[in-house]
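Descriptive structure summary
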Amino acid sequence: MTVDLLLGLQWGDEGKGKIVDVLTSKYDIIARFQGGPNAGHTLEFDGIKHVLRTIPSGIFHKNSVNIIGNGVVMDPVVFQKEIEGLEKFNIDIQSRLLISRKAHLILPTHRLLDAASEASKGKAKIGSTLKGIGPTYMDKTGRNGLRVGDIELDNFEELYRHLADKHQAMIDFYNVDLQYDLAELEAEFFAAVKELKKLTFIDSEEYLNKAMKEGKTILAEGAQGSLLDIDFGTYPFVTSSNTTAAGACTGLGIAPNRVKDVFGIFKAYTTRVGSGPFPTELFDEDGATMARVGNEFGSVTGRARRCGWLDLVALKYAVQVNGVTALYMMKGDVLSGFDTLKVCTAYKYKGQEINHLPYNIEPENVEPIFVEKKGWAADLTGMTTYEQLPAELKEYIEFIEKELEVPIKVVSVGPDRTQTIMK
Ligand code: GDP
Ligand code: IMO
Ligand code: MG
């Protein structure tokens, strides 16, 4: 069998967790392939709201196996809290959650390095979630990292000390005011590593390829979004992994010719949390309305998300880089009540109209060109079929499909599992 991918097409928080949960019943295996606890994937069902960080969003389905792939970076401390949060759901974690030995470990000093790096940047900071993501991937590519498989080694503590001491010197080099008690952080880390050791570690590329041979179906769950990709995102205001389709191949050990469908998920408008350019950002009442109605606060950091109109130039770019075969539109319900909606279809760039994403999209280089669409007033949250949706929303959907040349297969009208309309 083949693998399908589900990826965020914007700057993250598109609603990936909700959709993976909805799709899980169709798959045997759900696998995360990159990112780490910088992700916050929200699921809502049966009146419960749950935010997952490193654990794949298929974990609540009794028949699914969930895999943390080699491309993921995991923090044993955050992970332990996540596991504790799942206790009341009676999930057989040992058999339903499998962890790649090749996934890299986030050390307490990686988190401190993240904080020191951001503090040293001042106003130019990335707006990182401060989970140690960048420093951990730096150690991975620098060939200094520690991996999950290393905790099975007799000399793990020695390897840890060696790396942590090096980090300590780097933190000192930053010369910023950082308050911390390393001994306390390390005690917490080693206690969490002890717990992590009780779980099931696998050679995930072997496991997944064998599963494919046996006819099992796999859904790869992306974290962050395409515009935060280390190569294709708004560098340097990005995360430190490949969030796009290719990342699923390297992050799971799956060959490109095994990938079948690529589901691209986007909000009916745009949000971004952290620093960096955002051409369609709103600073007015409309943006405030989106933030309020859409409850646009980070699932991890609680930070207010910046809001703006839908940007089809950026979306087209993401569709192209990922090879998206079907689109999922989220949070359409949040736009109910706007008389007019704006959609960016081109940029004015150095005096010329362009419709591709250029190298520089800072406000001084790019001015969005909008078309206006008629809004709708109806509350969508109780609607269950495509036919019920207001004519103006259907027009909005058809316009996007035409511009992006990919069909919208799902329209989400609320945070709950059930508020999902298949078209
Ligand atoms: P993820 O990181 O892509 O999984 O997305 P987040 O969980 O960080 O953010 C999406 C937020 O929107 C969560 O609070 C979801 O519960 C919520 N959500 C998802 N889909 C919808 C929708 O269609 N309508 C509304 N109003 N909220 C939604
Ligand atoms: P999910 O999976 C939204 C953003 C941060 C910051 C930049 C770098 O929930 O969609 P990092 O911690 O990776 O060094 O931060 O990336 N960012 C996210 N924004 N959703 C996420 O994940 C994000 N993960 C990282 O805000 O701007
Ligand atoms: Mg999120």
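The structure we're discussing is the one just above.
This report concerns the structure included in the present document. (Residues numbered from 1 in each chain as written. Chains lettered and ligands numbered in written order. Predicted model: local features only at pLDDT ≥ 70, side-chain atom pairs only at ≥ 80, totals over all residues. Heavy atoms only, no water.)

1. Quick word on the nonpolar core
- Phe266, Leu327, Met329, Leu335, Leu389, Tyr396 and Ile400 are the most contacted members of the largest nonpolar core, which has 58 residues in total.
- Ignoring anything within four residues of it in the chain, the contact list for Met329 reads Phe266, Ala268, Leu393, Tyr396, Ile397, Ile400, Ile408, Val410, Val411 and Ser412.
- By size, the runner-up hydrophobic cluster in this structure holds 34 residues, among which are Leu52, Tyr160, Val193 and Phe201. (Core = buried A, V, L, I, M, F, W, Y, C linked by side-chain atoms within 4.5 Å. Buried < 20%, exposed > 50% of the residue type's maximum accessible area, 1.4 Å probe, protein only. Contact = heavy atoms within 4.5 Å.)

2. Quick word on the site of ligand 2
- Contacts to ligand 2 come from 20 residues, most closely from Asp13, Lys16, His41, Thr129 and Thr239.
- A distance of 2.7 Å separates an oxygen atom of ligand 2 from a polar atom in the side chain of Lys16.
- His41 places a side-chain nitrogen or oxygen 2.7 Å from an oxygen atom of ligand 2.
- Residues belonging to the shell around ligand 2 are distributed by class as follows: seven nonpolar, 10 polar and three charged. (Near = heavy atom within 4 Å. Polar contact = N/O pair within 3.5 Å; in protein donor to acceptor, adjacent residues only side chain to side chain. Nonpolar A, V, L, I, M, F, W, Y, C, P; charged D, E, K, R; others polar.)

3. Comments concerning the site of ligand 1
- Around ligand 1 sit 20 residues, and of these Lys16, Thr42, Ser299, Asp333 and Ser412 come closest.
- For ligand 1, a nitrogen atom lies 2.7 Å from a polar atom in the side chain of Asp333.
- Protein chains shield 93% of the accessible area of ligand 1, which is 590 Å² for the free molecule.
- In this structure the site holding ligand 1 corresponds to the second largest pocket.
- Secondary-structure elements contributing two or more residues to the shell around ligand 1 are α1 (16-23) and β3 (41-45).
- Its residues assigned to classes, the shell around ligand 1 comprises four nonpolar, eight polar and eight charged. (Areas by Shrake-Rupley, 256 points an atom, 1.4 Å probe, with all protein chains shown as cover. 1 Å grid on protein atoms, 1.4 Å probe; cavity = no way out; pocket = protein on both sides within 12 Å on 5 of 7 lines; lining within 4 Å. Sits in = over half its atoms within 2 Å of the grid points. Helix = DSSP H or I, 4+ residues; strand = E, 2+ residues; numbered from the N terminus.)

4. Focus on helix α10 (residues 285-293)
- Where α10 is concerned, the buried positions are Gly287, Thr289, Met290 and Ala291.
- Buried residues along α10 sit against β13 (306-308).
- Asn295 sits one or two residues past α10 and shows a positive phi near 50°.

5. Some details on the coordination of the magnesium ion (ligand 3)
- Protein ligation of the magnesium ion (ligand 3) involves Asp13 (OD) and Gly40 (O), the donor distances falling in the range 2.0 to 2.2 Å. With Asp13 in the loop between β1 (3-8) and α1 and Gly40 in the loop between β2 (29-32) and β3, this pair connects stretches of sequence that are 27 residues apart.
- On the accessibility criterion, Gly40 (11% relative accessible area) is buried. (Donors = N, O, S within 2.8 Å, 3.2 Å for Na, K, Ca; no water.)

6. Brief notes about the sheet that holds β2
- Spatial ordering of the open sheet is given by β9-β7-β5-β2-β10-β1-β11-β15-β19-β20, a layout of 10 strands whose pairing is mixed. Whereas interior strands pair on both sides, the edge strands pair on one side only; in this sheet they are β9 (200-202) and β20 (420-422). Strand-to-strand twist of the sheet, defined as the mean angle between neighbouring strand axes without regard to direction, takes the value 25°.
- Of the pairings in the sheet, the one linking strand β5 (residues 65-68) to strand β7 (residues 97-100) comprises three bridges and is parallel in character. Residue pairing for β7: Ile68 is matched across the bridge by Ile99.
- Sitting on the sheet, α1 touches β1, β2, β10 (218-221), β11 (259-267), β15 (326-330), β19 (408-412) and β20, and the angle it makes with β1 is about 155°.
- Its contacts with the sheet place helix α9 (residues 245-252) against β1, β2, β10 and β11, and it is angled at close to 125° to β1. (Pairing = 2+ DSSP bridges. Axes fitted to C-alpha atoms, helices over the stretch in contact; angles between N-to-C directions.)

7. Some thoughts on the packing of helix α6 (residues 156-174) against helix α7 (residues 182-196)
- Contact geometry for α6 and α7: axes closest at 13 Å, N-to-C directions at 145°. Taken as a pair, α6 and α7 cross one another with a handedness that is right-handed. Across the interface between the two elements, Phe156, Glu157, Tyr160, Arg161, Ala164 and Gln168 from α6 touch Leu182, Glu186, Phe189, Phe190 and Val193 from α7. (Left-handed = near helix turned anticlockwise from the far one by under 90°.)

8. Quick look at the side chain of Ser204
- Looking at where Ser204 falls in the secondary structure, it is placed in helix α8 (residues 204-213).
- Leave out the neighbours within four places in its chain, and Ser204 touches Ile67, Gly69, Asn70 and Ser100.

9. Things to note about the pairing of β2
- Here β2 shows no split at all, with Ile29 and Ala31 on one side and Ile30 and Arg32 on the other all buried.
- For β2 and β5, the ladder comprises four bridges, and the chain directions are parallel. What sits directly across from Ala31, in β5, is Ile67.
- Pairing of β2 with β10 involves four bridges; the strand directions are parallel. Bridging from a neighbouring strand, Arg32 pairs with Glu221 of β10.

10. Let's talk about the environment of Gly145
- The residue Gly145 is located in the loop between α5 (133-141) and α6 in this model.
- Put simply, Gly145 and Ile106 are 39 residues apart on the chain and 8.8 Å apart in space, counted from C-alpha to C-alpha.
- Contact partners of Gly145, with chain neighbours within four places excluded, come to His104, Asp139, Lys140, Asp150 and Leu163.

11. Considering the layout of surface pockets
- Estimated volume of the second largest pocket: approximately 550 Å³.
- Taken together, 27 residues line the second largest pocket, and the ones lying closest to its centre are Thr42, Gly294, Arg305, Lys331 and Pro415.
- When contributions to the lining of the second largest pocket are tallied by element, the ones reaching two or more residues are α1, β3 and β4 (48-52).
- Here the lining of the second largest pocket gets four residues from one element, more than from any other, and that element is β3.
- Residues belonging to the lining of the second largest pocket are distributed by class as follows: seven nonpolar, 11 polar and nine charged. (Points joined across faces, edges and corners; volume = space filled by probe spheres on them.)

12. Topic: the pattern of salt bridges
- The final tally for this structure, using the stated rule, is 18 salt bridges.
- Measuring nitrogen to oxygen at the nearest pair gives 3.1 Å for the salt bridge that ties Arg101 to Glu152. Placement of Arg101 in the loop between β7 and β8 (104-105) and of Glu152 in the loop between α5 and α6 is noted, with a sequence separation of 51 residues between them.
- With relative accessibility at 27%, the residue Arg101 sits in the partly exposed group.
- You can call Glu152 partly exposed: its relative accessible area is 42%.
- Sharing partners across several salt bridges, the network here consists of Asp13, Lys267, Glu296, Arg305 and Lys331. (Salt bridge = Lys/Arg side-chain N within 4 Å of Asp/Glu carboxyl O.)

Shape descriptors only; they carry no functional weight alone.
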